[in-house]
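Chain and residue survey
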Amino acid sequence: MATMTIPRHKTAIRRLAHSRPVSLALNHGFVGPEATFFDYGCGYGEDIDLLRSAGVHADGWDPYYRSNSNVCPADCVNLGYVLNVIDDVSERDTTLRLAFGLAKHVLVVAVRVDQSLSGGIDYSDGVVTNSGSFQKIYTQAEFRDYIEVTLGRKPFMAGLGIAYVFKDEAAESALLARVSRTRVRSERIDWLSQLASDPDGKALIDTTRQLGRIPLDTEFEGYERLAIRFGSRSRIERLVLGAVGSGGLAEAQLQKRNDILTYLAMLHLRGIRPPPVGSLPSEVRADIKLWWRSYTKAIDEGREFLFQLGNPEQIRAACGAAPIGKRLPTDLYVHSSSEDLLPALLRVLIFAARQVVGDVEYNIVKLSLDGRKVSFLQYQDFDQDAHPCLRHSVRVHLPTASYMIRDYSASENPPILHRKETLVDPVYPLYELFATLSEQEEALGLLSQSSIGFRQQWQQLLSEQNVEIIGHSIRNVSNDR
Ligand SMILES: C[S@@+](CC[C@H](N)C(=O)[O-])C[C@H]1O[C@@H](n2cnc3c(N)ncnc32)[C@H](O)[C@@H]1O
């Protein structure tokens, strides 16, 4: 094949916000005022400008746009969408090694994956696009293997086409400690603390504690005032029970135990040695002491726990024990806000699936009861639409570490959701609204029909029954309209 000179200065993109890899690195805490940042192949340098204005010590270099800058080491180095514009394979390897050499703790690498380019001429191992620039489009697996072979490190897949490569195990185990901690609890705790900081709410919680049960109307006079601020009586009662928690303390302790097991299992999954006990935060050490005779015992249990992932019966049992989610014959569906209420084993299963695709956009996670598949599903307008339509799904097949993306955004007849309340925590602000609609639909016999899982069939059924759904209300449609 004849070689040609392909201009690379056409490849940079004007950005108004952070690029996706940098915003992920910010979310994961690699970038911030405490850590230096270097953007290798920074293009116009918008990520650098935005970080500097947020007080981050950031710099960068680009052969075309910022060639006068110095190339220097930093805690976090970004190599964002650079590799895929380099047509010379050996230059690509050198660039990746050079960028990794600059990273003191972590290198963030991003490439374009799985996008089909229309038009263009085959060149090297990619194509020269209609705009005259080179693009090498990777698959996620090819990208992961390329990094592992070139740098000799197993990357952490942070998203589709986005990988973290750690310099030391400490940096990686710190990330795992952060991601193993329950996130959603904080959202739940927000709802509960809103009630606890309200004077009537506080009085209700205190009275409930004294009585050991929810007070009757005659025993508490603030129900009507609370209803204005917190919704229905039953939501208030669920919030109070959440705040008082029959075994509130025990539940919180159990959650911590699960977090530690999840963390230790994640370390095993990544092939990282658990950090010395002395380097763990004192609260974590105290929790370990409470639950295990020694740190070694905890580590052993974390390892055994991980092996359960390969056992369909254990996964089925964990799905059966899940306090949340909609169970269908072969799968369990859960809203992302309730994911952390799942048993630890199922959280590790989701983490294992993220090792394949990284962080993808989704609001419902679907786990097959045999533990072989995890799907990340994005439904449109989950809160607003009574029966949201599926927009895309990313299904991970764990035994082969492969995945499949399905895009329904242009579909005339996408799959839709029913009984949304079964997917969320009962303290979810719209739980009641969802549940009331399901009750009404059930009473009309709508939910016992087969093939209601798709939009057109569902709409046809509604029109046959002379009803329509506006917002989350169901109404009769008069025939003379
Ligand atoms: C698609 S742009 C991405 C720019 C920026 N990182 C971003 O995400 O907006 C690719 C950049 O890679 C730069 N580049 C090309 N060859 C390079 C090399 N060998 N080393 C470093 N950067 C290179 C180009 O100048 C261009 O600015």
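Residues numbered from 1 in each chain as written. Predicted model: local features only at pLDDT ≥ 70, side-chain atom pairs only at ≥ 80, totals over all residues. Heavy atoms only, no water.

1. What to know about a nonpolar patch on the surface
A cluster of nonpolar side chains, namely Leu254, Leu290 and Trp291, defines an oily patch on the protein surface of about 290 Å² accessible area. Within the secondary structure, Leu290 is located in helix α11 (residues 282-291). Judged by relative accessible area, which is 53%, Leu290 ranks as exposed. (Patch = residues over 30% accessible without salt bridge, like charges linked within 9 Å, V, L, I, M, F, W, Y side chains within 5 Å. Areas by Shrake-Rupley, 256 points an atom, 1.4 Å probe, with all protein chains shown as cover. Salt bridge = Lys/Arg side-chain N within 4 Å of Asp/Glu carboxyl O. Helix = DSSP H or I, 4+ residues; strand = E, 2+ residues; numbered from the N terminus. Buried < 20%, exposed > 50% of the residue type's maximum accessible area, 1.4 Å probe, protein only.)

2. As for empty space enclosed by the protein
In the structure shown here, the tally under the stated rule is one cavity of 30 Å³ or more. For the largest cavity, the full set of lining residues is Ala386, His387, Arg419, Lys420, Phe434, Leu437, Ser438 and His472. Taken together, the residues of the lining of the largest cavity break down into three nonpolar, three polar and two charged. (1 Å grid on protein atoms, 1.4 Å probe; cavity = no way out; pocket = protein on both sides within 12 Å on 5 of 7 lines; lining within 4 Å. Points joined across faces, edges and corners; volume = space filled by probe spheres on them. Nonpolar A, V, L, I, M, F, W, Y, C, P; charged D, E, K, R; others polar.)

3. Description of the sheet that holds strand β3 (residues 74-80)
Reading across the sheet, the six strands line up as β2-β1-β3-β4-β9-β8 and stay open at both edges, with mixed pairing between neighbours. Each edge of the sheet is formed by a strand with only one pairing partner; in this case those strands are β2 (58-61) and β8 (156-159). Along the sheet, successive strands turn relative to each other by an average axial angle of 20 degrees, direction set aside. The sheet contact formed by strand β1 (residues 37-40) and β2 spans four bridges and is parallel. For Phe38, the partnering residue across the bridge sits in β2 and is Asp59. On the sheet, helix α1 (residues 20-27) packs against β1, β3, β4 (103-110), β8 and β9 (162-166) and is oriented at approximately 50 degrees with respect to β9. Seen against the sheet, helix α5 (residues 169-180) touches β4, β8 and β9 and runs at an angle of roughly 130 degrees to β9. (Pairing = 2+ DSSP bridges. Axes fitted to C-alpha atoms, helices over the stretch in contact; angles between N-to-C directions. Contact = heavy atoms within 4.5 Å.)

4. Brief notes about the environment of Lys326
Within the secondary structure, Lys326 is located in strand β10 (residues 326-327). Overall, the relative accessible area of 14% leaves Lys326 in the buried class. Those residues in contact with Lys326, other than ones at most four positions away along the chain, are Asp331, Leu332, Tyr333, His418, Arg419, Thr422 and Leu423. Side-chain polar atoms of Lys326 contact the backbone oxygen of His418, separated by 2.6 Å. (Polar contact = N/O pair within 3.5 Å; in protein donor to acceptor, adjacent residues only side chain to side chain.)

5. With respect to the packing of helix α7 (residues 199-211) against helix α8 (residues 223-230)
For the pair α7 and α8, interaxial distance at closest approach is 9 Å and the crossing angle is 120 degrees. Classified by the interaxial angle, the pair formed by α7 and α8 is oblique. In the packing of α7 onto α8, the handedness of the crossing is left-handed. Contacts from Asp200, Gly201 and Leu204 of α7 reach α8 at Tyr223, Arg225, Leu226 and Arg229. Of the residues belonging to the contact of α7 with α8, the class tally is three nonpolar, one polar and three charged. (Parallel < 35°, antiparallel > 145°, perpendicular 65-115°, else oblique. Left-handed = near helix turned anticlockwise from the far one by under 90°.)

6. Quick word on the environment of Arg475
Mapping Arg475 onto the fold places it in strand β17 (residues 473-476). In this structure, Arg475 is in contact with Asn466, Val467, Glu468 and Ile470, ignoring residues within four places of it in sequence.

7. Considering the pattern of salt bridges
Per the counting criterion, the structure on display carries 21 salt bridges. Between Asp59 and Arg52 there is a salt bridge, with the nearest N and O atoms lying 3.4 Å from each other. Taken together, the salt bridges that share partners define one network made up of Asp198, Asp200, Glu221, Arg225 and Arg229.

8. A few points about the domain arrangement of the protein chain
Considered domain by domain, the protein chain is made up of domain 1 (20-167), domain 2 (198-246), domain 3 (312-407) and domain 4 (431-476). Look at where the C-alpha atoms of domain 1 and domain 2 centre, and you get two points 53 Å apart. (Domains from an automatic or database assignment.)

9. Some remarks on the site of the ligand
Contacts to the ligand come from 20 residues, most closely from Arg15, Gly41, Asp62, Gly80 and Glu91. In the environment of the ligand, a nitrogen atom lies 2.8 Å from a nitrogen or oxygen atom belonging to the backbone of Gly41. One of the side-chain N or O atoms of Asp62 is found 2.6 Å from an oxygen atom in the ligand. Bound to the protein, the ligand loses 96% of the 590 Å² it would expose on its own. Class assignment for the residues of the shell around the ligand results in eleven nonpolar, five polar and four charged. (Near = heavy atom within 4 Å.)

10. A few points about the packing of aromatic side chains
Applying the stated criterion across every chain, the model contains 14 aromatic pairs. Ring centres 5.9 Å apart and planes at 10 degrees place the aromatic pair Phe156 and Tyr164 in the stacked group. Residues Tyr428 and Phe434 carry aromatic rings whose centres are separated by 6.1 Å and whose planes lie at 35 degrees to one another, so their mutual orientation is tilted. Of the two residues examined, Tyr428 and Phe434, each falls in the buried class. Counting every residue linked through ring pairs, the aromatic cluster contains Phe30, Phe156, Tyr164, Phe166 and Phe351. Above the plane of the ring of Tyr138 lies Lys136, whose end atom (NZ or CZ) is 4.9 Å from the centre. Lying across the ring of Phe382, Lys420 places its NZ or CZ 5.2 Å from the centre. (Phe/Tyr/Trp six-rings, centres within 6.5 Å; stacked < 30°, edge-to-face > 60°. Lys NZ or Arg CZ within 6 Å of the ring centre and 35° of its normal.)

11. Comments concerning the nonpolar core
Soluble globular proteins tend to pack their nonpolar side chains together in the buried interior. In terms of nonpolar packing, the biggest core is built from 70 residues, with Phe30, Tyr164, Leu332, Leu342, Leu346, Leu367 and Phe376 touching the most fellow members. With eleven residues, the top contributor of residues to this core is helix α14 (residues 344-357). Shared between two domains, this core takes at least three residues from each, and those domains are domain 1 (20-167) and domain 3 (312-407). Excluding residues within four positions of it along the chain, Leu367 makes contact with Thr330, Asp331, Leu332, Leu342, Leu346, Leu349, Ile350, Lys373 and Val374. Grouped together as the second largest cluster of nonpolar side chains are 28 residues, Leu192, Leu204, Ile236 and Leu417 included. (Core = buried A, V, L, I, M, F, W, Y, C linked by side-chain atoms within 4.5 Å.)

12. Regarding the packing of helix α13 (residues 312-321) against α14
Interhelical geometry of α13 versus α14 gives an angle of 115 degrees and a closest axis separation of 9 Å. Handedness of the α13/α14 crossing: left-handed. Two secondary-structure elements touch here, α13 through Gln314, Ile315, Ala318 and Cys319 and α14 through Leu345, Leu346 and Leu349.

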